[in-house]
Amino acid sequence: MMPEPSREELRRWDRYHVWHPFTQMAEYEPLIIERAEGCVLVDVDGKRYIDGVSSLWCNVHGHRHPRLDAAIGEQLQRVAHVTALGASNPTTIKLARRLVELAPPGLEHVFFSDDGATAVEVALKMAFQYWRQRPEPRPEKTLYLTLEDAYHGDTLGGVSVGGVSRFHDMFRPLLFRCLRVPSPNPYRTPRGVPRQRALDHYLAQVERVLAEHHAQIAAMVLEPLVQAAAGMIVHPPGYLRGVRELTRRYDVLLVADEVAVGMGRTGRMFACQHEQVSPDFLCLAKGLTGGYLPLAATLTTHEIWQAFLGDYAESKTFFHGHTYTGNPLGAAVALASLDVFQQERTLENLPPKIARLRQHLERIARLPGVGDVRQRGLIAGIELVRDKATKEPFPWEEKRGIRVCQYARTEGVLLRPLGNVIVIMPPLAISVAQLDQIAGAVQRGIAEATRE
Ligand SMILES: *Cc1c(COP(=O)(O)O)cnc(C)c1O
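Residues numbered from 1 in each chain as written. Predicted model: local features only at pLDDT ≥ 70, side-chain atom pairs only at ≥ 80, totals over all residues. Heavy atoms only, no water.

**Overview of the domain arrangement of the protein**
Move 1: We note that the domain assignment places domain 1 (31–60 + 348–449) and domain 2 (70–343) within the protein.
Move 2: Using only C-alpha atoms to locate each centre, domain 1 and domain 2 end up separated by 27 Å.
Move 3: Domain 1 puts 30 residues into the contact, and the matching count from domain 2 is 25 residues.
Move 4: Summed over both sides, the interface between domain 1 and domain 2 buries roughly 2,400 Å², with carbon and sulfur atoms accounting for 60% of that surface.
Move 5: In this structure, the connection of domain 1 to domain 2 is made through 1 salt bridge.
Move 6: Here Arg188 ties to Glu383 by a salt bridge, and the two come within 2.7 Å at their closest N and O atoms. (Domains from an automatic or database assignment. Contact = heavy atoms within 4.5 Å. Buried area = accessible area lost by both parts, 1.4 Å probe. Salt bridge = Lys/Arg side-chain N within 4 Å of Asp/Glu carboxyl O.)

Right, here's the structure in full:
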């Protein structure tokens, strides 16, 4: 056995051996979380931090929740993993059934994978294959319509339908082509389009592209209600519903990527339910296991599923899978998380927290340096700007968002910004007192980081 490394060794090894995602390793200062209690993380020095971004948007009921911990232990008494390729296990089956019961009507079949990116890849490939195999094939439908600034994960399919130029532009030569319409961003409408007309303006753009290109478009892909990685852009109410009506009218499939917004984050279990929308594909990951284990699901309709049925020799099979697809440990904790939603009335308890967050945001909105605050449920974004009147952004190199979060850390609040946007996205189990602490740290951090 190796002796336990010292904290200094851990820091050194972390900096050198562990290559962290979305992290400039030349500047990386290790933050090593050793344990957690509820919504509080504890680092190797014993310093405590409120988990203000749900460990990157995935934790739901807090860490070390007794029921979730127990669910994994109980599954371990049976089996940790069996393949889903031509085989199954009771836990995964039960989870599929529960998800179908909870999801918007019409989504009856569940394809499991491991991450948000794979959930989206599955939907993209299924949509493509569906048009080739359905009773009246339309193999010319090979394009995807996406939003500018979209984020759907970091595999090449997800990057192809993505549009965050700082992350994605470099890889353009490797990607398939997509059609794009602007993000329906009510804060940054084009000149001459006031906020109140944002909905009509942005839907008209979708309609224009669909009218011209629908014969080649397999599917439209979007994050319903909130474009998270784009900077928590909150769409105008009615946009999702409008997109669903347009995609129906033009015979284009709709992929709803609820990887970030699903599992209660917006105040309802699924974002699509706010606008009574049933997509053709619903992608889930992040919060699906309560933030415990990697597990993802792509739900789809009976019509899509049927196009993949046939004799073995017809090769209509969906030739796609991941080794850990439908992993029973992940399924067990996902089922337990859905139980906790019921037992703790998680969604019913959200409105006072959402209202408290709104009050804080209204106050923060008045600070110099804050251009916009936006919120949907327990998701909030605070956009810092150099000039409130012209909305001129701070140059990203000035790291204003990072500086706010560095300050918040000194007050024991852990956050991660998206450029100039401060994100507040705590576990649904957060207390009002903890929300107050987060908002206080953010407010003081903004004052500190936008001075001069
Ligand atoms: C995080 C995210 C993904 C990617 O999920 P991973 O689990 O990181 O692969 C996809 N879509 C959206 C909307 C996300 O927020």
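**A look at the site of the ligand**
Move 1: The local shell around the ligand consists of Trp57, Asp115, Gly116, Ala117, Tyr151, His152, Gly153, Glu223, Asp257, Val259, Ala260 and Lys286.
Move 2: Backbone polar atom of Ala117 to an oxygen atom of the ligand: 2.8 Å apart, as the coordinates give it.
Move 3: Computed on the free molecule, the ligand has an accessible area of 380 Å², of which 84% lies beneath the protein chains in the complex.
Move 4: Per-class residue counts for the shell around the ligand are 5 nonpolar, 3 polar and 4 charged. (Near = heavy atom within 4 Å. Polar contact = N/O pair within 3.5 Å; in protein donor to acceptor, adjacent residues only side chain to side chain. Areas by Shrake-Rupley, 256 points an atom, 1.4 Å probe, with all protein chains shown as cover. Nonpolar A, V, L, I, M, F, W, Y, C, P; charged D, E, K, R; others polar.)

**Quick word on the nonpolar core**
Move 1: If you look at the biggest cluster of nonpolar residues, it comprises 93 residues, and the most contacted ones within it are Trp57, Tyr239 and Ile382.
Move 2: Looking at this core, you find at least three residues from each of domain 1 (31–60 + 348–449) and domain 2 (70–343).
Move 3: When residues no more than four places from it in sequence are discounted, the contact partners of Ile382 are Leu361, Ile364, Val370, Asp372, Val373, Asn420, Val421, Ile422, Ile424, Val442 and Ile446.
Move 4: The next biggest cluster of nonpolar side chains, apart from the first, holds 27 residues, and it includes Leu124, Leu253, Phe281 and Cys283. (Core = buried A, V, L, I, M, F, W, Y, C linked by side-chain atoms within 4.5 Å. Buried < 20%, exposed > 50% of the residue type's maximum accessible area, 1.4 Å probe, protein only.)

**Examining helix α11 (residues 328–343)**
Each turn of an α-helix holds 3.6 residues, which means side chains three or four residues apart point in the same direction.
Move 1: Its 16 residues give α11 an end-to-end C-alpha distance of 22 Å, which sits within 8% of 22 Å, the value for a rise of 1.5 Å per residue.
Move 2: Across the 16 residues that make up α11, a large majority, 13, are buried.
Move 3: Between a side-chain oxygen at the N-terminus of α11 and the backbone nitrogen of Leu329 the separation is 3.1 Å; the capping residue is Asn327.
Move 4: Once α11 ends, the next one or two residues include Arg345, with phi positive near 50°. (Helix = DSSP H or I, 4+ residues; strand = E, 2+ residues; numbered from the N terminus. Expected span 1.5 Å × (residues − 1).)

**Topic: the layout of surface pockets**
Move 1: For the second largest pocket, the calculated volume is near 790 Å³.
Move 2: Around the second largest pocket sit 29 residues that line it, and Ala84, Val110, Phe111, Trp305 and Phe318 are the ones nearest its centre.
Move 3: Elements that contribute at least two residues to the lining of the second largest pocket include exactly α4 (90–102), β4 (107–113), β12 (296–301) and α10 (302–306).
Move 4: A breakdown of the residues in the lining of the second largest pocket according to their chemical character gives 15 nonpolar, 13 polar and 1 charged. (1 Å grid on protein atoms, 1.4 Å probe; cavity = no way out; pocket = protein on both sides within 12 Å on 5 of 7 lines; lining within 4 Å. Points joined across faces, edges and corners; volume = space filled by probe spheres on them.)

**Topic: the sheet that holds strand β6 (residues 179–181)**
Move 1: Pairing in this open sheet of 7 strands is mixed, and the strands run β4-β12-β11-β10-β7-β5-β6 from one edge to the other. With partners counted over all chains shown, the strands left at the sheet margins are β4 and β6, one partner each. Strand-to-strand twist across the sheet, computed as the mean angle between neighbouring axes with direction ignored, equals 20°.
Move 2: Pairing between β4 and β12: 6 bridges, direction antiparallel. Paired with Phe111 across the bridge in β12 is Thr298.
Move 3: Strands in contact with helix α8 (residues 198–213) are β5 (143–147), β6 and β7 (217–222); relative to β6, the strand with the most contacts, it is inclined by about 160°.
Move 4: Contacts from helix α9 (residues 239–249) reach β5, β6, β7 and β10 (253–257) within the one sheet, and its direction differs from that of β7 by about 175°. (Pairing = 2+ DSSP bridges. Axes fitted to C-alpha atoms, helices over the stretch in contact; angles between N-to-C directions.)

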